[in-house]
Amino acid sequence: MVWVLFVIAASAVDAQNMVLEVIPLRYRTAQDVIPIIQPLLAREGSVSGLQGQLVVRTTPANLEEIKRILASVDTAPRRLLITVRQDADATRSERSSEVSGRIGSDRARVIVPDSGDRRGGNVVLRDGDDRLRARVLDTRSAESDRNTQSVQVMEGREAFVRVGQSVPVPQRRVQRTVVGGQVVEQVVDSVEYRDVTTGFYVLPRVSGDRVTLDISPQREMLSTQVPGGVNVQRVVTTVSGRLGEWIEIGGIAQDSSEQQSVLLGRGSTGASGSRRVLIRVEELR
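Residues numbered from 1 in each chain as written. Predicted model: local features only at pLDDT ≥ 70, side-chain atom pairs only at ≥ 80, totals over all residues. Heavy atoms only, no water.

The number of helices and strands found in the chain is three helices and 14 strands. Out of the 285 residues in the chain, the part that is buried amounts to 26%. Put simply, 65% of the contacts in the chain that link residues at least 6 apart link residues at least 24 apart. Looking at the chain as shown, the accessible area adds up to about 19400 Å², and 50% of this sits on carbon and sulfur atoms. (Helix = DSSP H or I, 4+ residues; strand = E, 2+ residues; numbered from the N terminus. Buried < 20%, exposed > 50% of the residue type's maximum accessible area, 1.4 Å probe, protein only. Contact = heavy atoms within 4.5 Å. Areas by Shrake-Rupley, 256 points an atom, 1.4 Å probe, with all protein chains shown as cover.)

Next up, the structure:
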């Protein structure tokens with residue numbers, strides 16, 4: 001019983017020592033700073049927000065400590081320039097070599113036909129009716145695409161940017177109707193517009209010279225292989241790095257090869273492609 005009375009008396013003393021103060025905020029919102037102040041409160045203390053101000057109820061000593069913390073937290077947020085770069089590279093190579101022609105005599109003759117009409121270098125050897133042709137083909141092509149987008153945002157705030165175009169996509173469907181008790185089919189051609197966009201969502205948090213980013217870039221491109229199809233590249237991740245440096249947040253690499261053999265000839269094709277997504281955050285002063 002004595003211990004219970006002591007606890008009640010101590011609580012009454014703490015309640016008498018409590019002070020209530022309204023602290024105006026200069027740059028940050030109450031939602032930003034309350035999660036930081038809440039764990040620092042003295043026992044029986046409380047904090048709430050009211051129209052850009054903090055209402056703090058705590059002990060005098062704890063109030064001074066909270067004011068010191070607020071002085072370092074309630075500062076002007078940094079202005080940031082966020083740049084997202086999406087790179088695409090593709091290479092394709094083709095090699096082939098072939099020998100064709102005809103060689104023979106009155107009793108026997110060997111004919112090796114040309115396997116196809118391909119462009120390349122030709123070497124022809126001929127002696128009378130005998131003819132020998134050698135063909136060599138070696139080609140290589142490369143393609144690169146760079147897409148860069150930038151947006152300004154205050155630290156701790158979300159940003160979203162997206163650009164693109166509406167592309168007409170031909171559509172064909174069969175419409176069936178009943179005429180005179182018979183089903184009549186009619187082909188109807190139409191055009192639909194599909195949005196093809198590129199953009200990103202980002203939420204930056206800065207501490208010193210390091211930045212942590214919740215980032216989700218997306219890129220769409222019309223397919224060159226499937227009519228009306230759209231190739232989509234999307235990444236959702238959280239990364240961290242230094243201000244001013246490029247940070248790679250994702251990539252895709254693809255390789256394919258094919259070999260073909262014919263009589264007295266051989267060919268091969270190969271293709272490779274890569275996609276990378278990089279981000280850089282710079283502070284604007």
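Having seen it, we continue.
If you walk through the whole model with that rule in mind, you get 10 salt bridges. The residue glutamate 185 makes a salt bridge to arginine 176 at a minimum N-O spacing of 2.9 Å. In this structure, arginine 285 and glutamate 283 form a salt bridge, with 3.3 Å as the shortest nitrogen-oxygen distance. (Salt bridge = Lys/Arg side-chain N within 4 Å of Asp/Glu carboxyl O.)

Here we take up the packing of aromatic side chains. Counted according to the given criterion, the structure contains zero aromatic pairs. One cation-aromatic arrangement involves arginine 85 over tryptophan 246; the distance from NZ or CZ to the ring centre is 4.9 Å. (Phe/Tyr/Trp six-rings, centres within 6.5 Å; stacked < 30°, edge-to-face > 60°. Lys NZ or Arg CZ within 6 Å of the ring centre and 35° of its normal.)

Turning next to the sheet that holds strand β2 (residues 46-49). If you walk across this open sheet you meet the three strands as β1-β3-β2, and the pairing is antiparallel. Of all strands in the sheet, those with a lone pairing partner are β1 (19-24) and β2, marking the two edges. Each strand axis lies, on average, 15° off the axis of its neighbour in the sheet, ignoring direction. (Pairing = 2+ DSSP bridges. Axes fitted to C-alpha atoms, helices over the stretch in contact; angles between N-to-C directions.)

Next up on the list: helix α2 (residues 30-37). Residues spaced three or four apart along an α-helix point in a common direction, a consequence of the helix completing one turn every 3.6 residues. For α2, the full list of buried residues reads Ala30, Val33, Ile34 and Ile37. Along α2, the residues classed as buried sweep out an arc of 110° about the axis, all on the same side. Facing away from the buried side of α2 by more than 90 degrees, the exposed set consists of Gln31 and Pro35. Turning to α2, the residues buried within the fold contact β2, β3 (53-58) and α3 (60-73). (Arc of directions from axis to C-beta.)

The terminal C-alpha atoms of α3, which comprises 14 residues, lie 20 Å apart, in line with the 20 Å expected from a rise of 1.5 Å per residue. Of all the residues in α3, the buried ones are Asn62, Leu63, Ile66 and Leu70. Viewed end-on, α3 has its buried residues packed into an arc of 100°, placing them on one side of the element. In α3, the exposed positions angled more than 90 degrees off the buried face are occupied by Ala61, Arg68, Ala71 and Ser72. Tucked into the core, α3 has its buried residues touching β1, α2 and β3. (Expected span 1.5 Å × (residues − 1).)

The residue arginine 146 is located in strand β7 (residues 130-154) in this model. Considering only alpha carbons, one finds arginine 146 and arginine 275, 129 residues apart in sequence, at a separation of 9.9 Å.

Okay, the confidence of the model for the chain next. Close reading of the predicted structure is inappropriate where its pLDDT is low. With 74% of its residues at a pLDDT of 70 or more, the chain shows a mean pLDDT of 76. Within the model, the stretch residues 1-10 combines pLDDT values under 50 with zero contacts to residues more than four positions away or in other chains. (pLDDT = per-residue confidence, 0-100.)

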